[in-house]
Amino acid sequence: MEPLFLIGSKVIHKIKQQGDEAYFVGGAVRDFLLQRPVHDIDITTSAPVERIEELFEVTIPLGKEHGTIIVRLEEQSFEVTTYRSVSDGRSTLAEDLQKRDFTINAMAMNEKMELIDPYNFYNDLENRLIRAVENGVERFVEDPLRMLRACRFSSQLNFEIEKETFDAITKCRGLTERTAIERAVTEFEKLVKARTFSRGLHYMLSSGLTQHISFLKGKEKALEDLAAMKLEILLSLEEVWAAFLYVDQTEQDLISYLKALKKSKQFVHQVVRLQEALNTYRNNGWTNGLIYKIGLENSLKLGRLLYTLHPEENHVHTEQSLMKWHNNLPIKSRRDLNLNGQLLVQAFQKEQGAWIERLLVKVEKAVLAQKVANNTREMIAWLMKERDINDEGQAFGDAFRK
Ligand code: ATP
Ligand code: MG
């Protein structure tokens with residue numbers, strides 16, 4: 001048995017010992033049956049949260065008001081939830097299962113890993129179908145996020161959305177406008193990072209859901225293009241957003257768009273940087289200057305982006321060749337430059353001032369463009385010559401002014 005289930009069985013065992021029912025439930029059961037890796041385990045129980053809290057040494061009261069508590073055991077977390085519907089002890093496992101979103105998520109398993117499936121939902125799992133539990137429209141009116149979850153599951157599991165459920169999504173799609181943007185973003189991100197993302201994207205498009213999701217509305221063409229790309233090459237979400245926005249090109253103000261997604265400042269900055277790198281690449285291709293400016297890690301991201309966006313073009317994109325290129329740069333940072341302010345003051349016999357930084361920027365560029373070697377004497381000689389050439393009024397001459 002997987003270690004996570006093994007520890008989970010101990011949690012169930014302990015709850016049962018004191019007279020309550022407890023089962024593995026939901027996604028963990030689904031993934032176990034599909035032999036997919038399980039990353040989080042939910043347990044459903046007849047016990048009210050207070051009793052669970054007393055029973056285990058370490059609990060985290062996250063979502064206690066919704067009847068959920070996190071139990072920590074052997075360094076693992078388990079989300080333990082009291083049977084849904086009336087939390088007065090009268091509810092049953094069968095009722096709890098009925099309250100769940102999709103049939104594939106509405107099965108339970110006891111601590112011996114025996115399936116408990118009172119409604120024969122296993123059939124849908126076998127037939128690879130996503131079907132709303134009971135009435136789709138009712139389920140989606142209750143919680144419109146479920147429509148996005150349906151598309152996301154089709155993307156992660158490569159399952160079909162059953163026809164009536166799909167029709168219900170088409171009917172209820174307008175309700176997605178009620179869902180919190182960060183929850184919609186999370187579902188969208190899970191969808192695009194999954195193996196059969198194009199399937200999920202097609203469901204989002206064909207149901208018309210995208211028209212009611214603020215950050216996807218009007219970007220249908222870009223989503224279609226995205227569906228045909230090798231997104232699996234991209235390793236981070238920053239890359240995925242950069243690819244999407246690059247394909248889209250309708251966003252005038254990227255920063256406001258990304259901020260509205262409630263992503264972190266750092267995330268927004270990263271995506272913007274990748275956009276800039278893509279644009280710089282479009283203008284000049286790979287150069288020492290570009291790789292120097294964005295650094296190795298971002299160069300690798302850019303390489304993956306270019307391969308995803310334009311697989312037909314023959315760019316330098318492999319990790320190996322970019323690492324080699326970065327390694328062969330004449331300098332990797334300002335610190336590698338064999339020139340500094342003090343040496344410049346001595347050489348030019350001038351007082352310290354803003355001119356120093358201007359000259360260092362010039363010489364840094366020249367070294368990267370291999371116009372001059374990273375050698376103190378040669379760099380000073382080159383700067384002196386440039387000063388003579390550009391003596392009065394020229395852009396370069398300006399750098400020498402105080
Ligand atoms: P994953 O963990 O891979 O994102 P999951 O199906 O496990 O997928 P969770 O959010 O962990 O999703 O929820 C666990 C279970 O709780 C689900 O399998 C489902 O039974 C139930 N559930 C979650 N969200 C909803 C919802 N919006 N409506 C109804 N039931 C839900
Ligand atoms: Mg889960």
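Residues numbered from 1 in each chain as written. Chains lettered and ligands numbered in written order. Predicted model: local features only at pLDDT ≥ 70, side-chain atom pairs only at ≥ 80, totals over all residues. Heavy atoms only, no water.

Re the pattern of salt bridges
In step 1: Summed over the entire model, instances satisfying the criterion amount to 23 salt bridges.
In step 2: The partner of Arg152 in a salt bridge is Glu187, with the nearest N and O atoms 2.7 Å apart. With Arg152 in helix α7 (residues 145–157) and Glu187 in helix α9 (residues 181–192), this residue pair connects regions lying 35 residues apart in the sequence. Just as Arg152 is buried, Glu187 falls in that class too. (Salt bridge = Lys/Arg side-chain N within 4 Å of Asp/Glu carboxyl O. Helix = DSSP H or I, 4+ residues; strand = E, 2+ residues; numbered from the N terminus. Buried < 20%, exposed > 50% of the residue type's maximum accessible area, 1.4 Å probe, protein only.)

Looking at the packing of aromatic side chains
In step 1: All told, the structure shown has 14 aromatic pairs when counted by the stated rule.
In step 2: Aromatic pair Phe188 and Phe215: ring centres 5.8 Å apart, planes at 65°, arrangement edge-to-face. Taken together, the residues Phe188 in helix α9 and Phe215 in the loop between α10 (197–206) and α11 (220–227) connect sequence positions 27 residues apart. Per residue, the accessibility class of Phe188 equals that of Phe215, and both read buried.
In step 3: Centroid distance Phe188 to Trp241: 5.5 Å. Interplanar angle 55°. Geometry classified as tilted. Separated by 53 residues along the polypeptide, Phe188 in helix α9 and Trp241 in helix α12 (residues 237–248) bring together distant segments of the chain.
In step 4: On the basis of relative accessible area, Phe188 is assigned to the buried category, the value being 4%.
In step 5: Its relative accessible area of 1% is what places Trp241 among the buried residues. (Phe/Tyr/Trp six-rings, centres within 6.5 Å; stacked < 30°, edge-to-face > 60°.)

Notes on the side chain of Glu239
In step 1: Along the chain, the position of Glu239 falls in helix α12.
In step 2: The exposure class assigned to Glu239 is buried, which follows from its relative accessible area of 0%.

Some words on the pairing of strand β4 (residues 68–73)
In step 1: With three bridges connecting them, strand β3 (residues 58–60) and β4 associate as antiparallel partners. Its bridge partner being in β4, Val58 is matched across the sheet by Arg72.
In step 2: Here β4 folds back onto strand β5 (residues 76–82) in antiparallel fashion, the turn holding two residues, of which Glu74 has a positive phi close to 45°. (Pairing = 2+ DSSP bridges.)

Details of the sheet that holds strand β1 (residues 22–25)
In step 1: Strand order in this open sheet of seven strands is β3-β4-β5-β2-β1-β6-β7, and the pairing throughout is mixed. The open sheet has two edge strands, β3 and β7 (115–116), and neither has a second partner.
In step 2: Across two bridges, the pairing between β1 and strand β6 (residues 108–109) is antiparallel. The residue bridging Val25 from the neighbouring strand is Ala108, located in β6.

Focus on the side chain of Thr176
In step 1: Topologically, Thr176 is positioned in the loop between α8 (163–172) and α9.
In step 2: One polar contact links the side chain of Thr176 to the main-chain carbonyl oxygen of Arg173, over a distance of 2.3 Å.
In step 3: Contacts of Thr176, omitting those with residues within four sequence positions, involve Pro144, Met147, Leu148, Leu209, His212 and Ile213. (Polar contact = N/O pair within 3.5 Å; in protein donor to acceptor, adjacent residues only side chain to side chain. Contact = heavy atoms within 4.5 Å.)

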